[in-house]
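# Coordinates in review
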Amino acid sequence: MADKSQIIACENCGTKNRISLENKDKAICGKCKEKLYFPTKPIEITGANFNLMVEKSTLPVLVDFWATWCPPCRMIAPILDEVARELSGKAMIGKLDVDANQITAGRFRVQSIPTLLIFKGGKQVERIVGLQTKEAILQKLKKHL
Ligand SMILES: [Zn+2]
């Protein structure tokens, strides 16, 4: 990979910064100068930021297509919180609300939720439908690290 950088949002001001993966421990926000950290929890993905945060991501990104009214989605949420913490700096975990982002959900033919899609290099490489164990999710994700 030529471009070993990653877009991450500043926890302080929300500005998206492109940082070098080699230099990630020294990265600071271009706007507020706070230290930048790789996310340790799922980030919000929308139709508007999908291209930048998912398709242009250097790290693999797991996107949870979910909705507030879906009980299995609520059950998988704490599992994804743990995965996000464990794989911080190695993979990104995102959540996309299918009701608020119907065009994006339609584009990936998400018909039942939760659906977890893993993207690497701008392409979908895994599709996991339904409630999963943490082990099953980690196993799929680790293939692409
Ligand atoms: Zn900032």
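Residues numbered from 1 in each chain as written. Predicted model: local features only at pLDDT ≥ 70, side-chain atom pairs only at ≥ 80, totals over all residues.

### Examining the overall build of the protein
In terms of helices and strands, the protein carries 4 helices and 7 strands. Going from the N terminus to the C terminus, the protein shows its helices and strands as β-β-β-α-β-α-β-α-β-β-α. For the protein, the C-alpha radius of gyration of 15 Å lies close to 15 Å, the compact-globule estimate for 145 residues. Viewed in the frame of its principal axes, the protein has a C-alpha envelope of about 40 × 30 × 25 Å. Classification of the 145 residues of the protein by burial places 32% in the buried group. Long-range pairs, those at least 24 residues apart, make up 62% of the contacts in the protein with a sequence separation of at least 6. (Helix = DSSP H or I, 4+ residues; strand = E, 2+ residues; numbered from the N terminus. Rg over C-alpha atoms; globule rule 2.2 N^0.38 Å. Buried ≥ 20, exposed ≤ 12 C-beta atoms within 10 Å, placed from the backbone. Contact = placed C-beta atoms within 7 Å.)

### Some thoughts on helix α2 (residues 71–86)
With 16 residues, α2 should cover 22 Å at 1.5 Å per step; its first-to-last C-alpha distance of 24 Å lies within 8% of that length. The set of residues buried in α2 consists of Cys 73, Ile 76, Leu 80, Val 83 and Ala 84. Close packing links the buried residues of α2 with β4 (61–66), β5 (92–97) and α4 (134–142). (Expected span 1.5 Å × (residues − 1).)

### Description of the domain arrangement of the protein
Split by domain assignment, the protein resolves into domain 1 (1–37) and domain 2 (38–142). If you look at the interface, domain 1 gives 11 residues, while domain 2 gives 10 residues. (Domains from an automatic or database assignment.)

### Brief notes about the pairing of strand β2 (residues 16–20)
In the sheet, strand β1 (residues 5–9) pairs with β2 via 5 bridges, with the strands oriented antiparallel. Looking at the pairing, Ala 9 lines up with Lys 16 of β2. Where β1 folds back on β2, the antiparallel hairpin that results is connected by 6 residues, among which Gly 14 adopts a positive phi of roughly 85 degrees. (Pairing = 2+ DSSP bridges.)

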